[in-house]
Amino acid sequence: MLQQVYGHSSGSGAQGGESLREDLREFLSGEAPLHQLDDLTKVNPVTLETVLRCLQARYAADTFYTNAGCTLVALNPFKPVPQLYSPALMREYHAAPQPQKLKPHIFTVGEQTYRNVKSLTEPVNQSVIVSGESGAGKTWTSRCLMKFFAVVAASPTSWESHRITERIEQRILNSNPVMEAFGNACTLRNNNSSRFGKFIQLQLNRAQQMTGAAVQTYLLEKTRVACQASSERNFHIFYQICKGASTDERLQWHLPEGAAFSWLPNPERTLEEDCFEVTREAMLHLGIDTPTQNNIFQVLAGLLHLGNIRFADSEDEAQPCQLMGDAKCEDRAGAWGSGFGHSAREQGPPCPQKGQHGWDGGGEAGRPGVGMWKAMPSVKP
Ligand SMILES: Nc1ncnc2c1ncn2[C@@H]1O[C@H](COP(=O)(O)OP(=O)(O)OP(=O)(O)O)[C@@H](O)[C@H]1O
């Protein structure tokens, strides 16, 4: 269609390039200011340059959402914009007779999805796909959607059902800090990068009230436990326990203040994601009691100690490995309060390949990590 209107091929070549610039000039000198184009289907001609110019103009005008037909393009503001996510605005989109006539927003997507479930005689499942490259804002957007559904899908009539719905909402929202503590890490591109994929299912009853949620995770980057790229970090939870443990917990978990762990690079970086209290509180709300939490954190502390163990090169793979330096398995195992040290000494841990001196060399480290992740209860109120 574009070819007919503009009478030139979209192929490459000097002539095509010139007419494209002409098109661009024409587009830029159009009557409507670029930032007012709230749907990319209105951009004409549709080229990478015109679309990017339009998004750039909207970004400069602090307009971060743009429709592209039935898709919503979200630009990452990289700054707090609290008024864009206020409960009042959620209610405005929820109450609007035609939310699609309001400014493009993630709440429009939420509301339309909610109405699609609601308006049909037979409820039909709805899916929202949030995609983009690392740091694009997927986690943020999913959080906003969950908050939106928690607000709009909670208008029960009786006090009792109100109480239940409120508890469910709180649990759903509390799943975020827990998932992020255990599955997110600081990378070169994003201080809070999700190192796993997730499928979040929100369940509504026939009255469209939230009755539960289930989260399936997949492709967790387990290798990060034992191996982090330079300038990146391990999963947040390791830093949280090292920075936030109480004096008693430090003693119990063998985590003295300022202890150095080779699996804990860049501990000096302080991130807002390092807040142990938030994770603990959220775990409590999810039904993970304090003794269970302590067991989990103790396993994590033990993993950190495990990462500090170094083995000497061995020519004979049939023989138990020799520990390097003055490392004693018993010291490390103390953090787990287990007989690990004994069995390691008696039977010898797997022999690392030549030139690799730690557990990571043998690929063992990811395994406790996997077990740990699987030990987490599924987030289901
Ligand atoms: N709508 C927004 N408003 C304010 N800040 C935002 C918004 N979206 C994203 N950010 C900022 O950008 C950062 C990266 O966003 P986010 O973690 O959601 O990216 P992501 O796409 O999930 O990345 P990854 O794939 O690495 O997990 C956030 O920590 C936050 O600081």
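Nothing here was measured: the structure is a model prediction, and the numbers come from that model. (Residues numbered from 1 in each chain as written. Predicted model: local features only at pLDDT ≥ 70, side-chain atom pairs only at ≥ 80, totals over all residues. Heavy atoms only, no water.)

One recurring pattern in soluble globular proteins: nonpolar side chains tend to sit buried together. If you look at the biggest cluster of nonpolar residues, it comprises 37 residues, and the most contacted ones within it are Phe182, Ile237, Phe238, Ile241, Phe297, Leu300 and Leu304. Listing elements by their share of this core, those giving two or more residues are α7 (159-183), α8 (236-244), α10 (276-285) and α11 (290-307). With 7 residues, the single largest contributor to this core is α11. With near-sequence residues (within four places) excluded, Phe238 lies in contact with Val225, Leu264, Leu300, Leu303 and Leu304. (Core = buried A, V, L, I, M, F, W, Y, C linked by side-chain atoms within 4.5 Å. Buried < 20%, exposed > 50% of the residue type's maximum accessible area, 1.4 Å probe, protein only. Helix = DSSP H or I, 4+ residues; strand = E, 2+ residues; numbered from the N terminus. Contact = heavy atoms within 4.5 Å.)

What follows covers the site of the ligand. For the ligand, the set of nearby residues contains 17 residues, the closest of which are Ser134, Lys138, Thr139, Ser193 and Ser194. Note that an oxygen atom of the ligand is positioned 2.9 Å from one of the backbone N or O atoms of Gly137. Note that an oxygen atom of the ligand is positioned 2.9 Å from one of the side-chain N or O atoms of Asn190. Protein contact buries 87% of the 630 Å² of open area that the ligand shows by itself. Elements with a minimum of two residues in the shell around the ligand: α6 (138-152) and β4 (193-194). With 3 residues, α6 is the single largest residue contributor to the shell around the ligand. Considering only residue class, the shell around the ligand consists of 5 nonpolar, 9 polar and 3 charged. (Near = heavy atom within 4 Å. Polar contact = N/O pair within 3.5 Å; in protein donor to acceptor, adjacent residues only side chain to side chain. Areas by Shrake-Rupley, 256 points an atom, 1.4 Å probe, with all protein chains shown as cover. Nonpolar A, V, L, I, M, F, W, Y, C, P; charged D, E, K, R; others polar.)

Quick look at unusual backbone geometry now. In this structure, the amide linkage connecting Asn44 to the following residue, Pro45, adopts the cis form with an omega of 5°. Following the sequence through the fold, Pro45 ends up in the loop between α2 (14-28) and α3 (48-60). With a phi angle near 55°, His254 is a residue other than glycine that sits in the positive phi range. Looking at the element boundaries, His254 is found in the loop between α9 (247-253) and α10.

Right, let's talk about a nonpolar patch on the surface for a bit. Residues Phe199, Tyr218 and Leu219 make up a contiguous nonpolar surface patch of roughly 360 Å² in combined accessible area. Among the structural elements, Tyr218 can be located in strand β6 (residues 210-218). (Patch = residues over 30% accessible without salt bridge, like charges linked within 9 Å, V, L, I, M, F, W, Y side chains within 5 Å. Salt bridge = Lys/Arg side-chain N within 4 Å of Asp/Glu carboxyl O.)

Within this structure, the stated rule accounts for 9 aromatic pairs. An angle of 80° between the planes, with centres 5.4 Å apart, marks the rings of Tyr59 and Phe64 as edge-to-face. A relative accessible area of 31% means that Tyr59 is categorised as partly exposed. Taken together, a centroid distance of 6.0 Å and an interplanar angle of 75° make the contact between Tyr93 and Phe107 edge-to-face. Remark: Phe107 occurs in helix α5 (residues 106-119) and Tyr93 occurs in helix α4 (residues 87-95); sequence separation between them is 14 residues. Taking the relative accessible area as the measure of exposure, Phe107 reaches 0% and is therefore buried. Through successive ring pairs, a cluster of aromatic residues spans Tyr85, Tyr93, Phe107, Trp140, Phe148 and Phe149. The ring of Tyr239 has Arg233 lying over it, and the distance from NZ or CZ to the ring centre is 3.8 Å. (Phe/Tyr/Trp six-rings, centres within 6.5 Å; stacked < 30°, edge-to-face > 60°. Lys NZ or Arg CZ within 6 Å of the ring centre and 35° of its normal.)

Keep in mind these values describe shape, not function.
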